[in-house]
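What the coordinates show
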Amino acid sequence: MSRTNWAAFAAAAPEFAGTVENRFGAFTHHTLATLRKDGSPRTTGLEVRFLRGELWLGMMPDSLKALDLRRDPRFALQANPGAGTGMDGGDVRISGRAIEVTDAETKAGYVEEVEPPEPFHLFRTELTEVVRTSVEDDTYLVVEVWRPGAPVRTLRRT
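Definitions and cut-offs
Counting restarts for each chain, with residues numbered from 1 along the sequence as it is written. Local features in this predicted model are restricted to residues whose pLDDT is 70 or higher, and side-chain atom pairs enter the listing and the counts only when it is 80 or higher, whereas totals over whole chains, interfaces and linings include all residues. Side-chain measures here rest on the full set of heavy atoms in the structure, leaving out hydrogens and waters. Here the term buried applies to any residue with accessible area under 20% of the maximum for its type, exposed to any over 50%, and partly exposed to those in between, with areas from a 1.4 Å probe on protein chains only. Only DSSP runs of H or I reaching four residues or more are called helices, and only runs of E reaching two or more are called strands; each is numbered from the N terminus. Arc, as used here, means the arc of the directions from the helix axis to the C-beta atoms. Any pair of residues with heavy atoms lying within 4.5 Å of one another is described as a contacting pair. Classification of ring pairs uses Phe, Tyr and Trp, with its six-membered ring standing for Trp, and accepts pairs whose centres are within 6.5 Å; under 30 degrees between planes counts as stacked, over 60 as edge-to-face, and the remaining range as tilted. In this analysis the charged atom, NZ for Lys or CZ for Arg, is taken to sit over a ring once it is within 6 Å of the ring centre and within 35 degrees of the ring normal. As a per-residue quantity, pLDDT reports the predictor's confidence and falls between 0 and 100. Here, expected helix span is obtained from the residue count minus one, scaled by 1.5 Å. Side-chain atoms within 4.5 Å are what join buried Ala, Val, Leu, Ile, Met, Phe, Trp, Tyr and Cys residues into a set we call a nonpolar core.

A separate point is helix 4 (residues 104-114). Every α-helix winds through 3.6 residues per turn, so residues three or four apart in the chain are directed the same way. Residues of helix 4 that are buried: Lys107, Gly109, Tyr110 and Val114. Summarising the axial view, the buried residues of helix 4 lie within an arc of 155°, below the 170-degree limit, and thus occupy one face. Within helix 4, the exposed residues directed more than 90 degrees away from the buried face are Ala104, Glu105 and Glu112. Contacts made by the buried residues of helix 4 are with strand 2 (41-51), strand 3 (54-59) and strand 6 (121-136).

Cis geometry marks the peptide bond from Glu118 to Pro119; its omega dihedral reads 0°. Inspection of the secondary structure puts Pro119 in the loop between helix 4 and strand 6. Of note, Arg52 is a non-glycine position whose phi angle comes to about 50°, a positive value. You can see Arg52 is positioned in the loop between strand 2 and strand 3.

Turning to the packing of aromatic side chains, a few remarks are in order. A complete count under the given rule lists seven aromatic pairs for this structure. In textbook terms, an aromatic cluster arises when at least three aromatic residues are bridged by ring pairs, as seen for Trp6, Phe9, Phe16, Phe24, Phe50 and Trp146. Across from the ring centre of Phe120, 4.5 Å away, lies the NZ or CZ of Lys107, which sits over that ring.

On to the confidence of the model for the chain, then. Put simply, the chain has an average pLDDT of 93, and 96% of its residues get 70 or more. Looking over the chain, one finds the lowest element-wise mean pLDDT in helix 4, namely 93, and the highest in strand 4 (residues 74-78), namely 98.

The next point concerns helix 2 (residues 14-25). When the terminal C-alpha atoms of helix 2 are compared, their 16 Å separation across twelve residues agrees well with the 16 Å that a helix rising 1.5 Å per residue should span. Of all the positions in helix 2, only Phe16, Ala17, Val20, Arg23 and Phe24 are classed as buried. Seen from one end, helix 2 has its buried residues packed into an arc of 125°, which puts them on one side. Opposite the packed face of helix 2, turned more than 90 degrees from it, sit the exposed residues Pro14, Glu15, Asn22 and Gly25.

Looking now at the nonpolar core. One finds Trp6, Phe9, Phe24, Leu57, Leu77 and Ile94 to be the most contacted residues of the largest nonpolar core, which totals 26 residues. When residues of this core are traced back to their parent elements, those giving at least two are helix 1 (6-12), helix 2, strand 2, strand 3, helix 3 (64-71), strand 4, strand 5 (91-100) and strand 6. Setting aside residues no more than four positions away along its own chain, Ile94 makes contact with Trp6, Val20, Phe24, Leu55, Phe75, Ala76, Leu77, Leu127, Glu129 and Val130. Counting residues in each nonpolar core, the second largest holds seven residues, with Trp56, Tyr110, Val114 and Phe120 among its members.

In structure tokens, the structure reads:
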């Protein structure tokens, strides 16, 4: 199976990808879930970047979340819901695998654009699922789901 990066998702579902990227762009800090050594979940804050067709996760050296991802690359990322209960843009989640980037040229390109504190860990993502949950007309709970190789599925519940 070919890797499904952000560019592949955006090509497959451009409108949905735009909505998701805008939702993440509304705030700086989001919540990352990783798996600890014992398999239990760990949630931590994180900034994300959409650059050059990739969704990037940058982390401080030897942070627990980076060590978790080195051991088990599975992650879930939830967009910051913002203040109050409005949830403008809906509740957005991305799941996948985080692959550490050690290539000096790739990291240099990231540094040039983002200027993170160095040293740092850099992970690119391979997406396995993107989900947006929102409310429509104060009546319907709408769940949009995208998975690689399938169109966006939309479910409405009253």
